[in-house]
Amino acid sequence: MGAYDESYRRSLTDPEGFWLDAATAISWTRPPTRALDDSAAPLYRWFPDGELNTSYNALDRHVEAGHGERTALVYDSPVTDTRRTYTYAELRDEVATFAGALRGLGVGKGDRVIVYLPMIPEAVITMLACARLGAVHSVVFGGFAPRELAARIDDATPKVIVAASCGIEPNRVVEYLPIIAEALALSAHQPERTVVVQREIAPGKLGERDLDWATLVAGAEPADPVPVAATDPLYVLYTSGTTGKPKGVVRDNGGHAVALAWSMSAVYDIGPGDVWWTASDVGWVVGHSYIVYAPLLIGATTILYEGKPVGTPDAGAFWRVLAQHHAKALFTAPTALRAIKKVDPNGEELARYDLSRSFRSLYLAGERLDPETYHWAHDKLGVPVVDHWWQTETGWPIVANPRGLEAMPAKPGSATVPLPGWDVQILDADGTQLPAGEEGSIAIKLPLPPGALPTLWGDDDRYIDNYLSTFDGFYLTGDSGSIDADGYVFVMGRTDDVINVAGHRLSTGSMEAVLAAHPSVAECAVIGVHDALKGQLPRGLVVLKSGVDITEDRLREELVAAVRREIGPVAAFRDVSIVEALPKTRSGKILRKTMRNIADGRPDAIPSTIEDAMVIETLRPILRTP
Ligand code: COA
Ligand code: AMP
């Protein structure tokens, strides 16, 4: 039996032994004597009697082991022309001091802190400072509009917000303080303070409740790590569901630390002292897990990159960073590679850099890896290109090529095999397991392994309703796919109204809510359609109220502006068509899947009535228009 098979089998037949062994990689103030607590099933907890501090594990223990001079963090910011490194000792000190500053503001164990920061070291420092105090951080991505920020403020009810005066996009400086002011005007909950990192390029005007980061830190005493229960929350990260209300995915301390540390060696083949780069954003789960926590938990060097794959300043930016910092591996989204390939299809920018010294593998996730991008990356980079599949909810990969354990042969189109801990099954609508090769719902038999969400913030019922009630004893991933006879998993796409735009997860339901609020709109649908660069783009179809007199151009302008205002620029919503009617089932449910299939040129189901067929035929040319 190979190392993978052995490990996988043991994780399912002896989860106690498997995860208690993995837990020895973490320093506990009280080591766990048990792995799984199933007393409240279907809500499971890991390491119920363990106690630790995640920030201590990410920083102090490496310093105490004599690695204080090793580089922990490399900040590389082409948009501000800055490069800065932090050793483990320096980062520990900065985190301890900011933790002291937060404590001075009354932040303690269990209190929430909203983090609204771009890709600057203060984002990492704030997350780890919260972890140091046992406080719960909730990072909000900068591309969201005030209303989205307000929804998160109301759900997380933070004591403090930590923000920057601005973020920097290639085409503009995004001032954060007006966004926060607008969000606070919309939210019922009011945090006591906002701590602001004043950035030179655009300092903000501080209000009564605002404090300057630098001044606050100058007067702060360092804080020691506070031991917390393994089951205590480390963070809440909001993600899109099928409704407009974002879901607060909870991450615990113990299971998270154990799973992430395990994944760094078993999946990514990265060890202490290796340089690792995840080109994502701290606002997404990929950023939480693989920019901040996992690399630091194992004593590696992590790169924090404030820039884009293209335009900051060119399509060679990723190769420059890899070469300059001697990174061993890169983790990014396929869309980033498509953006580079579009500008530099022949890899001329790549030829300017020597990656041979250290670069060994490329990991891609966040959306389907299309074969063209896979082959382009493989040909141009000459290193293994590893597709792997996971979700905000799971915190670390479900399906991957476990290269650190045993490199499996790749199959194009497959994210490879389920990782230890994940009992992945393909079920039909009745919950019956499907035979090899047949497509169905991808479900995971409970319990989920350590590191996966234990619940949604403050709402066990919503967690059970959304994820655990479709198939008894299983977690519903929301993705469809198949498993072949060799056990390789093929992920085909979402079965719900979640779409993936440039690796950003968005809800078409929340966009529909914005369109439906327009006074001219009687009915609407938003579907995700294929896009060569971003993977998917949202497309809106609206039926006008009778008697309304508005041109398509004007309506489009108003609806595009509304989605940008209500959800944010990240939605990339630009495409609206006025249609006569929307196809529906007999019970009145809009046939979004049929429309998606037509738009993407896939075969669509035969409509059941002549009226339906007529509606679909009228829509066909509109949907097919790129
Ligand atoms: N703060 C404020 N605005 C932001 C933002 C942020 N953090 N991130 C994106 N936006 C804005 C952009 O400025 C843009 O606004 P515009 O409509 O005024 O141009 C809009 O949101 C869409 O941005 P983006 O998705 O970045 O599209 P793009 O066309 O500017 O760039 C890519 C395309 C492919 C280069 C870019 O999407 C990318 O780098 N994707 C990788 C995504 C990724 O790493 N995802 C993480 C999951 S692993
Ligand atoms: P997020 O929670 O933002 O990480 O988005 C998770 C969703 O992204 C998954 O449910 C999938 O639909 C999609 N996804 C992530 N990785 C992959 C992948 N490797 N292949 C196909 N889809 C993916």
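Note that the structure is a prediction, hence the values are computed from the model and not measured.

Caption draft 1: Here's a closer look at the site of ligand 2. Of all residues adjacent to ligand 2, which total 14 residues, the nearest are His388, Thr392, Asp479, Arg494 and Arg505. Contacts to ligand 2 include Arg505, whose side-chain N or O atom sits 2.6 Å from an oxygen atom. Residue composition of the shell around ligand 2, by class: 3 nonpolar, 5 polar and 6 charged.

Caption draft 2: Geometry of the site of ligand 1. Taken together, 23 residues lie near ligand 1, and Glu169, Arg172, Lys534, Arg564 and Arg574 sit nearest. Between Asn171 and ligand 1, the recorded distance is 3.5 Å, taken from a side-chain N or O atom to an oxygen atom. Within the contact set of ligand 1, an oxygen atom lies 3.0 Å away from a side-chain nitrogen or oxygen of Arg172. Coverage of ligand 1 by the protein amounts to 84% of the 940 Å² it exposes when considered alone. Those elements that place two or more of their residues in the shell around ligand 1 are β10 (172-175) and α12 (334-343). The residue makeup of the shell around ligand 1, split by class, is 10 nonpolar, 7 polar and 6 charged. Per-domain counts for the shell around ligand 1 show at least three residues from each of domain 1 (3-307 + 388-481) and domain 2 (502-623).

Caption draft 3: Structural context of the sheet that holds strand β23 (residues 424-427). With respect to topology, 4 strands assemble into an open sheet ordered β23-β24-β25-β26, the strand pairing being antiparallel. The sheet is open, and its two edges are formed by β23 and β26 (489-494), each paired on a single side. Ignoring strand direction, the axes of neighbouring strands in this sheet form an average angle of 50°. When β23 meets strand β24 (residues 440-445), the two strands line up antiparallel, connected through 4 bridges. Residue pairing in the sheet places Gln425 in a bridge with Ala443 of β24.

Caption draft 4: The UniProt feature "domain: AMP-binding enzyme C-terminal" (unreviewed entry) in the protein chain, seen in detail. Within this numbering scheme, the UniProt entry marks residues 511-589 as carrying the feature "domain: AMP-binding enzyme C-terminal" (unreviewed entry). Helix and strand shares over residues 511-589 are 27% and 32% respectively, and the end C-alpha atoms of the span are 17 Å apart.

Caption draft 5: Region of the structure containing the packing of aromatic side chains. Scanning the model with the defined rule gives 31 aromatic pairs in all. Residues Phe141 and Phe144 carry aromatic rings whose centres are separated by 6.1 Å and whose planes lie at 85° to one another, so their mutual orientation is edge-to-face. One exposure class covers both Phe141 and Phe144, and it is buried. Between the aromatic rings of Tyr467 and Tyr475, the centroid separation amounts to 5.3 Å while the plane-to-plane angle is 10°, which identifies the pairing as stacked. In this structure Tyr467 comes out as buried when scored by relative accessible area, which is 4%. Here Tyr475 falls in the buried class, since its relative accessible area comes to 0%. Of the aromatic side chains, those joined through ring pairs into one cluster are Phe18, Trp19, Trp28, Trp46, Phe47, Trp262, Trp396 and Trp422. Above the face of the Phe144 ring, Arg152 is positioned so that its terminal group lies 4.6 Å from the ring centre.

Caption draft 6: How the structure looks around the sheet that holds strand β16 (residues 275-278). The strand order across the open sheet built from 7 strands is β5-β4-β17-β16-β18-β19-β20, with neighbouring strands paired in mixed fashion. Single-partner strands in this sheet number two, and they are β5 (82-87) and β20 (385-387). Ignoring strand direction, the axes of neighbouring strands in this sheet form an average angle of 20°. Sheet analysis places strand β18 (residues 329-332) next to strand β19 (residues 361-364), joined by 4 bridges and oriented parallel. The residue of β19 that forms the bridge with Ala329 is Ser361. Against the sheet, helix α5 (residues 121-133) touches β4 (71-77), β5 and β17 (301-305), its axis set at about 140° to β4.

Calculation rules
Residues numbered from 1 in each chain as written. Chains lettered and ligands numbered in written order. Predicted model: local features only at pLDDT ≥ 70, side-chain atom pairs only at ≥ 80, totals over all residues. Heavy atoms only, no water. Near = heavy atom within 4 Å. Polar contact = N/O pair within 3.5 Å; in protein donor to acceptor, adjacent residues only side chain to side chain. Nonpolar A, V, L, I, M, F, W, Y, C, P; charged D, E, K, R; others polar. Areas by Shrake-Rupley, 256 points an atom, 1.4 Å probe, with all protein chains shown as cover. Helix = DSSP H or I, 4+ residues; strand = E, 2+ residues; numbered from the N terminus. Domains from an automatic or database assignment. Pairing = 2+ DSSP bridges. Axes fitted to C-alpha atoms, helices over the stretch in contact; angles between N-to-C directions. UniProt positions renumbered as here; feature names shortened; annotations may be inferred. Phe/Tyr/Trp six-rings, centres within 6.5 Å; stacked < 30°, edge-to-face > 60°. Buried < 20%, exposed > 50% of the residue type's maximum accessible area, 1.4 Å probe, protein only. Lys NZ or Arg CZ within 6 Å of the ring centre and 35° of its normal. Contact = heavy atoms within 4.5 Å.

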